[in-house]
Every structure is written in structure tokens, then in C-alpha cells.
Amino acid sequence: MASDGGFPASFYGEPGVLGLLANGISAFLVLLQNFHGARTGVPAEGVENILAGVHLILIGGLCQLVAGLLSFRKYDHLSGTSFVGYAALWASYGATRIYLGANQQSPNPFNESSMANSTFLDMNTNTGSINTTDIPLYIKESAIAGLVPYILLSFLLAFCSATVNYIMPFVFGAITLTLIFEAVGLVAGWALVVSGILELLILLFAIYGSSALLIKGLTQRYVLKGFGNPLFNVLLLGTTNAGSSQSLGQEKKKNTKYAEPMALGFFCDTVSPFIFAFYAFHYFPSNSVAAIWITINSAAQLLSSYYAYLRQDCYHATKFGLHCMFWLVKTWEEYVVSATTGQIEADNVRPAMVGNWFFLSAALVFCIASLNKDTLELIHNSFFALVTISTISQIPVKHYYMFFGVACSLFTLLSFYGTFARLINTIAEKSLIPVGPQPVSNESLQKHLSYLKKSKLIEPEDKGAQIPDALFYLCNGLAALSAIHNNQSNLAFFDLTVPWVLIPGAIMQAYISRLQVQGGQKFGSVVPSFYVAIWATWCWFRFAGHRLQLSTESAYGFAAGAIAFLVINAFLILVAAYGNLVNLALITVMEVIIVCFLLSTLGRLPYQLEVAMLAIFAIICLYGMLASLVNGMFSKTLIPVGPALIKDKKKNKSETTYPCLIANSRETSGLLKIAKLLENNGVCGIPTDTVYALAASCKNPSAIEKIYTIKDRPAEKPICICISSVEQLVAAKPPFSPLLWEFMRNVYPGGISCIVPKGDWLLKLGVGPAYDRVGTRESIMIRVPDHTATAHLCEFTGPLAITSANPSGEADSTHHDMVINRLGHKIEGVLCDGESNEVVASTVVNCLKIDEGAISILREGCVPALKVRQIFERVKNSML
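Residues numbered from 1 in each chain as written. Predicted model: local features only at pLDDT ≥ 70, side-chain atom pairs only at ≥ 80, totals over all residues. Heavy atoms only, no water.

The name that an unreviewed UniProt entry assigns to the protein is Threonylcarbamoyl-AMP synthase, with the source organism given as Danio rerio. According to the UniProt record, the Catalytic activity (unreviewed entry) comment for the protein is "L-threonine + hydrogencarbonate + ATP = L-threonylcarbamoyladenylate + diphosphate + H2O". Under the heading Sequence similarities (unreviewed entry), UniProt records this for the protein: "Belongs to the SUA5 family." (UniProt positions renumbered as here; feature names shortened; annotations may be inferred.)

In C-alpha cells form, the structure reads like this:
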């Protein structure tokens, strides 16, 4: 609901309240067990561990995850990264307790596998005899390997948070010390008492911090100290590096609708390889518990891919999806080794596995794609390629794990530095921590990548269409290459192959299907969803069949399913003929692969044909991934994917038919057409200096109400007004202070919206009948776009009520085609101006208390908050 004196509570939401409380309560749960174990001398056992683990997952994991997701949507880089990272920590800690409790036998203080309890209280009995009849779980060693990277990253978060406020550094610092003593407590029980004291401090700091944020959200000012002022200015960490700034600013537009997820991606790339390094160096020989930590951390990395997708960042969405998939596949392959096949048998069958080569090929593609990024990005991709090389199955067993451990260690160090650099540079909005210059300019890279292009192809209408496509090709190519085997393969090979086919082909592809649904891509979710079923069934029958002990009758059932797959895929071939040649080739080869699957259910599989088809399929996917990634990065067709085999003649005829009136912003007649529609109670899409907006005339309150229906916009969210210039505002003679007038003259026209007090002056401005339909009861937000067409339109119509031209909750419209396609059937007209100047909306500044010497940033948009505050300070000082 809207507050009495300002904008709605949705603008003021403080996810930090939930995040801090989740940390405090989670620490309190661990504190209770630590103190209870220290007082009674009885460590937690069985159900007690399971219940504690469940609570940690629900509170420290899920609740804090929600806080992190909301922080990303609030454009809070630090809180988003911190809360999602800590959510992964508490969830991993909780899952370890559950695993421990489920595997504990009756209390036996001399059984090492049962003594590594979730509070890890060491009763100094580990020197006793070990029950050799139990399989060692190595929970203690695995937990140490998981805690150490989080200790380092937590310290990093504490340091970075000191550049923002002086509450979070104490919370995150206390968490860092707690994790240190929790790790020490695995081998020395006294440390858990110290850990309990620190956990109490976490709770106290978290309560104070959440209270301060909650009161700030309710009162819209800082009542309790701690937020609003940093411990030290982030600019003290260095001076802007010109070369790095060039690479950071290489894109004309910057999407600030969501916080940058790059730091979170590097964060996760620090944790997973660190745990793998411990495993590769044989600190713990069983991967059972480590698999939990890496899986949860990989889920967090998948979120970084998702938010990169929401930011229309094809490169990072695909990169972090690739890394997530790699860590998942490797950890569950090693889990199969630990739990099923055994190391000796695995070493014998691994040379026949070829899926690693696709990971290496994909890593090399990213090395090429990052040539126009900063040097840190290129080096990071190169070291990831080194990690993939270290996992090549054909490496002699004697050197396999040593090579893998060294590569993971180097990659961990680089990722840790990358986390620090990305966090500080995004907080400061400039390159303070060196990341190196651009190795290759955009123009040079585009020139070299476009050599394959023989003819100019029509660019896709949807600039983000390739974002999920690159991941789609990546997942299918990896699954196909990993599925290659011959009729001599033994059961251990099948066991090891399951994660290589199931994770990319089914699990990760389900994520891609979700992206396709959200983005409304050409195939929607049909192809990835269908291929999820194919690879899951393939894995079930071909590789897990011996474990499931499938009968002959079951094989006939799979044969019937394969026939259904053939029919559906044949239909998809027909549809793909209207698309590009790469998709058509991919789906056609899949038809032959399904035929091979059908023959395998009947016991008549031609292995040579299947191997050839799977290899061709993987090659097509590799090319498709390269083309989709590059074309998506540059929003143009540089690497050809081929024309449609079948031309849609009806489509060409209907191209001039639109669901609403279309007007050209460069023609006066176009402006007059839109103005007439607005005068006649219409709602139209118009360009601004940021993104496209829906507009209604303030003379027609009913048209403003229609906007809410068109967008499915919540009724409690107010709509702002748009005017042509500050002079138009001056003519209405609002009772603004000299400071407010001077501030507005410095920010208008431009991508900043100011919230000011409402009054009768709005009637003079021309708002009139719409007075109660715009803003809140006490305030109104005013936009003065730096856009010639919009300014002239406002001169024709008077003040306009505007809001972003997108269905509520979806991405902003950055091209008039997006407005037409998404909302054209609901509105009367669109003023076409091509691609927008920005990809996010304006920055919203609350000026209601400007006379008290304070402004607040309610939404950071195309203009950075730091720049807004600099303008305000300059204006305020000039008024003294």
C-alpha cells in the first residue's frame, strides 16, 4: 500500500531486514547446540541433527535466498551477492547436519563417522578405535573443505560492506570469525564455545541492523545509526584505471534494472574448485558430503546466470550456466566413484569417456568471446579451460588428480580476486580494482568473427533471442558427446556416464526451458522440454537400466515411447524448416538418434551409426553455441546460422498489418496522430530518453485507469507525470524551495525522476481531472525526458501520465517492436523511434525532505546513485 506521505511500500522494501535476521537466527540455532554440547558433554545425535539441519535450510537458506533475490531486483550488488552466498553456506551446513543425522548409528563416541556431528563437538575421543564395519563418511574433512572458502569470502564481504555502511561489516565479520572457530571445532572442541559467543554477537548485530533498516523503511529516514554512511569511502581503494574503464564502459547501455551478478558468479567459482582441490589432493577420499556443498553452491551460480539473463547479458548468462554445469557434472561423477564404482574400476573405464572434450571446446569458445572484455575475464576463461583440460579422461591415472588439484587451486585464487574486483568496482561504479584493459576492441573482434558471414542476414527482432539458445546448444552437445559408447562398455562406464547425460540433457535443459518461456522465444519451451524427456529416457534405459533391472516388457514400453518421440520430432523438423539451418540440422540429426534409441530397445542397435550421429549432433551444437553466443553478445548476426528452408509468404504479406496505429517519431504528422489518440481517451506507447513508456493524457482519468488493466499493474503503485520542460513547471508556480528548483534545473531534462509534494499547482500545470489518478495523496513524481519527440508530444497534449511499456514484472521494452508485440493489441498506438537509448528506466529520487538537506534514491536506474548524490552536493554547496 502507498504510504501517506510518499511512494508505495514496494519502493521502500528493505530485503536487508530479512537477510540479516536469517543470518542472526541461523547463528542462534548453531549457538544453542554448541552451548548445550559444551555444558552437557553430549554431542548432538540423529534426529536432533536432522531437525537442526532442516531449520538451517529453511531459515538461513531459503529465507536468506529470498532476501538475496529481492536485493538483486533492488539493484543492490553487495546485499544480493552476500545474501545468496550466505544462503548457500547455511543450506550446505544444514544439509550436512541432515546427512550426518541420517547416517548416525546408535551413539558410539569411538566411531569417527558418527563423531563428526553437525555441531562438530570433539569430545577428544577421536583417538579411539574406529569401527571398520562402517563406511567412513569423512564428514569432518568435507565440512572443513567447505568452510575454508566461505571464511575467505566472508572476510571479503565484510571488507567490501565497510564501503557501504558500518553495520554489515560487524555482522559479516562476526560470521567470518564464527566460521573460523567452527572449522577449528572440528578438531578441537573448545573452539565451539568461542564460536557460540561469536554467534551471539551475530544475533545481536543482526537484530540491531534489521531494526535500523525496518525503521528506515517505515519512516523513510535513518533513525538508528549504522546505515547511510560507510566506514570508509570506496574511492580510497584506488583511482580509476583508464584502460579498465574503457572495457567496463564498452557497451553504450547499462542495464541497471537488476544488480550485476558477476561478483556472485566469481564467488561460486571460488567455492567449488576450492572443495575439489581438497578432494583431488586426497584430504578426503569420499565425495559424498562434498557433493552436497558443491551442488548447493552450483545452484547459487545458476542464479547468477539467471540474473545475467534478466539483464539481457548473453555472455555471463551462458558463462555461469557452463560453469554451474561443469561443477555439477564433475561432483556427481566423483560421487558415483565414491559410492558405487570404486576408484580402481573408475580408472579403468574413464579413458572411454569423451564428454570432457565438449567442456574444453566450450571453454575455448569463451576465451575467444571474452577478447573484447577486460583482461581479468580473458585470464579467468583461460584458467577455466585449464581446469577442463585437467579433467580430460585420457590423462594417465597417475597424474589425473594431481593435475586437477593444481588447476582448481589456481582457478580458485583467480576467482577470489575476481570476486573482490567485481564487487568493489560495481559498488564504486568505476574501475578501482585493476582488471586490465580490453585485449581486442569491439570493432576488431566483430570484424574477425564476421569472416564466416557471406551475406547480410536479417537481424532477429528480439535482440535477446540468443541468450537461452547458446545454453540450449551447450547442454545438448555435452549430453550427446557424453552418451557415446560402444558395445564393449561395462557397467561401471554406464554408472559414470549417468551424470554426464542426465545433468546437462535433462536438469539444466529444464532451466533453459524456463528461460525460453519467460523470453517468448521462437520455439518457446517446446524443443528444450521435449529434449529433456528424450535425454532423461535415454539415461534411464541405456545407462541406468542395469541398476533398475528393467525387464523385457519394460523394453517394449520404451520402444513405444521412442516411436512417440519420432513422431513429435518429425513435426519439429517441419517447424524448424521455417527457422534457420542450424536448428533444422540439429533436429533432423536428432531424428536419426531417436531411431537408434528405438533399435536399442529392440536389441538391434548399430553402434557405429549411433556414434556417428551423436558426434555430428555435438559438432552442430558446438557451432550453434558459438553463433548464438557471439550474435547474442553483439545483438547482430556475425556468425551465420543459415536462412529458413521454407519461406513464409503469408508472413511477408502481413508484415504491414499491425494490431494498433503505428506512427513515426521523426514526422510531425506521426506526433499529431499519437496526440489525437491521447486526446480521444487512448493509451499509446511512446519513446523516452530511457525505455519505452505507456502514456495517457492527464485530461482523461479513465485512460490512466486503463493503463493499470493493460499492464496488470498493482493498484497501489502510482503513476508519474511527464512534461516537456522545467519552464512548463515554472509556469504553474509550485511552492518549491530554491534548493529544489536548482536541483531540478541540474537534473532536468534527463533520466532522473523527482518526487515532490503535491498541491493545487498541478491544476495550473494541466493535470486537472487526473489529480487523484497520479502520484499518491501527498506526492507526485515528475519526468522531463531528454527526448525531442517526447517533449514536442507533451507540448501538443499537455502533461502525460506515463509508466514503463511492459507487462508488470517483465523486462522493460527497449524497441518499439517489443511494445507492439507485447501490448499492441491492448493499446491504440505506438510512436516508433527504433531502439531506446537505455535498457532500464529512470533513477527515482525522493525530494520530499530536500529542504532538510537530504534526498534518497528509491530506484537506481540509468543514472548512477553516486552521480545523483554528487549533483545534489554540488547544488547544495552552491546555495550556501
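Asks: Help me out: how do you make sense of the overall build of the protein in this one?
Replies: Within the protein, the secondary structure is distributed over 33 helices and 10 strands. Among the 880 residues that make up the protein, the fraction classed as buried is 59%. Approximately 34100 Å² of the protein is accessible, and the part contributed by carbon and sulfur atoms is 63%. (Helix = DSSP H or I, 4+ residues; strand = E, 2+ residues; numbered from the N terminus. Buried < 20%, exposed > 50% of the residue type's maximum accessible area, 1.4 Å probe, protein only. Areas by Shrake-Rupley, 256 points an atom, 1.4 Å probe, with all protein chains shown as cover.)

Asks: Before we go on, may I ask you to explain the packing of aromatic side chains in this structure?
Replies: In this description, an aromatic ring pair is defined by two values, namely the gap between the centres and the angle between the planes. For the coordinates displayed, the defined rule picks out 41 aromatic pairs. Look at F384 and F411: their rings are 5.8 Å apart centre to centre, the planes differ by 50°, and that puts the pair in the tilted class. Here the residue F384 occupies a position in helix α15 (residues 375-390), and F411 occupies one in helix α16 (residues 397-428), the gap between them amounting to 27 residues. The exposure class assigned to F384 is buried, which follows from its relative accessible area of 1%. For F411, a relative accessible area of 0% puts it in the buried group. Site record: aromatic cluster; members linked through ring pairs are F276, F326, W327, F359, F384, F404, F411 and W500. Across the ring face of Y315, the terminal group of K373 is positioned such that the distance to the ring centre comes to 4.7 Å. (Phe/Tyr/Trp six-rings, centres within 6.5 Å; stacked < 30°, edge-to-face > 60°. Lys NZ or Arg CZ within 6 Å of the ring centre and 35° of its normal.)

Asks: Where do I start with the packing of helix α3 (residues 46-73) against helix α11 (residues 288-310) in this structure?
Replies: When two helices pack together, their arrangement is given by the angle between the helix axes and the distance between those axes. It is the contact of α3 with α11, at a shortest axis distance of 12 Å, that shows an interaxial angle of 25°. By the criterion of interaxial angle, the relationship of α3 to α11 is roughly parallel. The element α3 and its partner α11 pack so that their crossing is right-handed. Taken together, the residues of α11 that come into contact with α3 (itself represented by L65, L69, F72 and R73) are L303, Y306, Y307 and L310. (Axes fitted to C-alpha atoms, helices over the stretch in contact; angles between N-to-C directions. Parallel < 35°, antiparallel > 145°, perpendicular 65-115°, else oblique. Left-handed = near helix turned anticlockwise from the far one by under 90°. Contact = heavy atoms within 4.5 Å.)

Asks: Just to check I follow, could you spell out unusual backbone geometry for this structure?
Replies: The general pattern is negative phi for most residues beyond glycine and trans for most peptide bonds. The omega angle of the peptide bond from Y748 to P749 is -10°, so this bond is cis rather than trans. Mapped onto the fold, P749 is located in the loop between α29 (738-747) and β5 (752-757). Unusually for a residue other than glycine, H282 sits at a positive phi of about 65°. Here H282 lies in the loop between α10 (262-280) and α11. Overall, H282 belongs to the exposed group, its relative accessible area being 55%. A positive phi angle is found at D712, which is not glycine, with a value near 60°. Along the polypeptide, D712 turns up in the loop between α27 (701-711) and β4 (720-722). Taking the relative accessible area as the measure of exposure, D712 reaches 59% and is therefore exposed.

Asks: Explanation requested: the sheet that holds β5 in the structure shown.
Replies: Adjacent strands of a sheet form backbone hydrogen bonds with each other and so pair up, either parallel or antiparallel. Strand order in this open sheet of 10 strands is β1-β8-β2-β3-β7-β4-β6-β5-β9-β10, and the pairing throughout is mixed. At either margin of the open sheet sits one strand with a lone partner, and together these are β1 (661-664) and β10 (856-859). This sheet shows a mean twist of 35° between the axes of neighbouring strands, independent of strand direction. Bridge count between β4 and strand β7 (residues 800-804): 3 bridges; the pairing is antiparallel. What sits directly across from I721, in β7, is A801. Here helix α26 (residues 668-679) sits on the sheet in contact with β1, β2 (683-686), β3 (693-697), β7 and β8 (829-832), set at roughly 140° to β1. Strands in contact with helix α32 (residues 816-823) are β1, β2, β3 and β8; relative to β8, the strand with the most contacts, it is inclined by about 170°. (Pairing = 2+ DSSP bridges.)

Asks: Is there a simple way to explain the nonpolar core in this structure?
Replies: In globular proteins that are soluble, nonpolar side chains generally tend to be buried together. Counting 180 residues, the largest nonpolar core has Y531, W535 and F617 as its most contacted members. With near-sequence residues (within four places) excluded, F617 lies in contact with N476, A480, W535, L586, V589, M590 and I593. (Core = buried A, V, L, I, M, F, W, Y, C linked by side-chain atoms within 4.5 Å.)

Asks: Whenever I open this one, the side chain of H485 confuses me. Can you help?
Replies: Of note, H485 is situated in the loop between α18 (466-482) and α19 (491-519). Given the relative accessible area of 6%, H485 is considered buried. Of the polar contacts made by the side chain of H485, one reaches the backbone oxygen of A483; its length is 3.0 Å. Side chain to side chain, H485 and R542 meet in a polar contact 3.4 Å long. Leaving out residues up to four positions away in the same chain, H485 has contacts with F493, F494, R542, F543, Y607, E610 and V611. (Polar contact = N/O pair within 3.5 Å; in protein donor to acceptor, adjacent residues only side chain to side chain.)

Asks: Just to check I follow, could you spell out the pattern of salt bridges for this structure?
Replies: As a working rule, side chains carrying opposite charge can pair if their charged atoms are close by. Taken as a whole and assessed by the stated rule, the structure comprises 16 salt bridges. Put simply, R422 and E377 hold a salt bridge, and the shortest N to O gap is 2.9 Å. In this pair, R422 sits in helix α16 while E377 sits in helix α15, placing the two residues 45 residues apart along the sequence. Judged by its relative accessible area of 8%, R422 is buried. You can call E377 buried: its relative accessible area is 2%. (Salt bridge = Lys/Arg side-chain N within 4 Å of Asp/Glu carboxyl O.)

Asks: I tried to follow the pairing of β5 on my own but got confused; where do I start?
Replies: Among the 6 residues of β5, 5 are classified as buried, and the element is accordingly described as predominantly covered. Summarising the sheet, β5 and strand β9 (residues 843-846) pair through 4 bridges and their orientation is parallel. Following the sheet pairing, I755 is matched in β9 by N846. Of the pairings in the sheet, the one linking β5 to strand β6 (residues 779-783) comprises 5 bridges and is antiparallel in character. Of the residues in β6, the one forming a bridge with P757 is S779.

Asks: How do you make sense of the environment of F232 when you look at a structure like this?
Replies: If you trace the backbone, F232 turns up in the loop between α8 (190-219) and α9 (242-248). On a C-alpha basis, the gap between F232 and T163 in space is 5.5 Å, while along the polypeptide they are 69 residues apart.

Asks: Sorry if this is basic, but what is going on with the pairing of β2 here?
Replies: On a regular strand, one side chain projects to one face of the sheet and the next to the other, so that they alternate. Side chains V683 and G685 of β2 all project onto a buried face; the interleaved residues C684 and I686 project onto the opposite face, where all are buried too. Judged from the 4 bridges that link them, β2 and β3 form a sheet pairing that is antiparallel. Pairing of C684 across the sheet is with A695, part of β3. Connecting β2 to the antiparallel partner β3 that follows it, the hairpin turn spans 6 residues. The pairing of β2 with β8 spans 2 bridges and is parallel. What sits directly across from G685, in β8, is V830.

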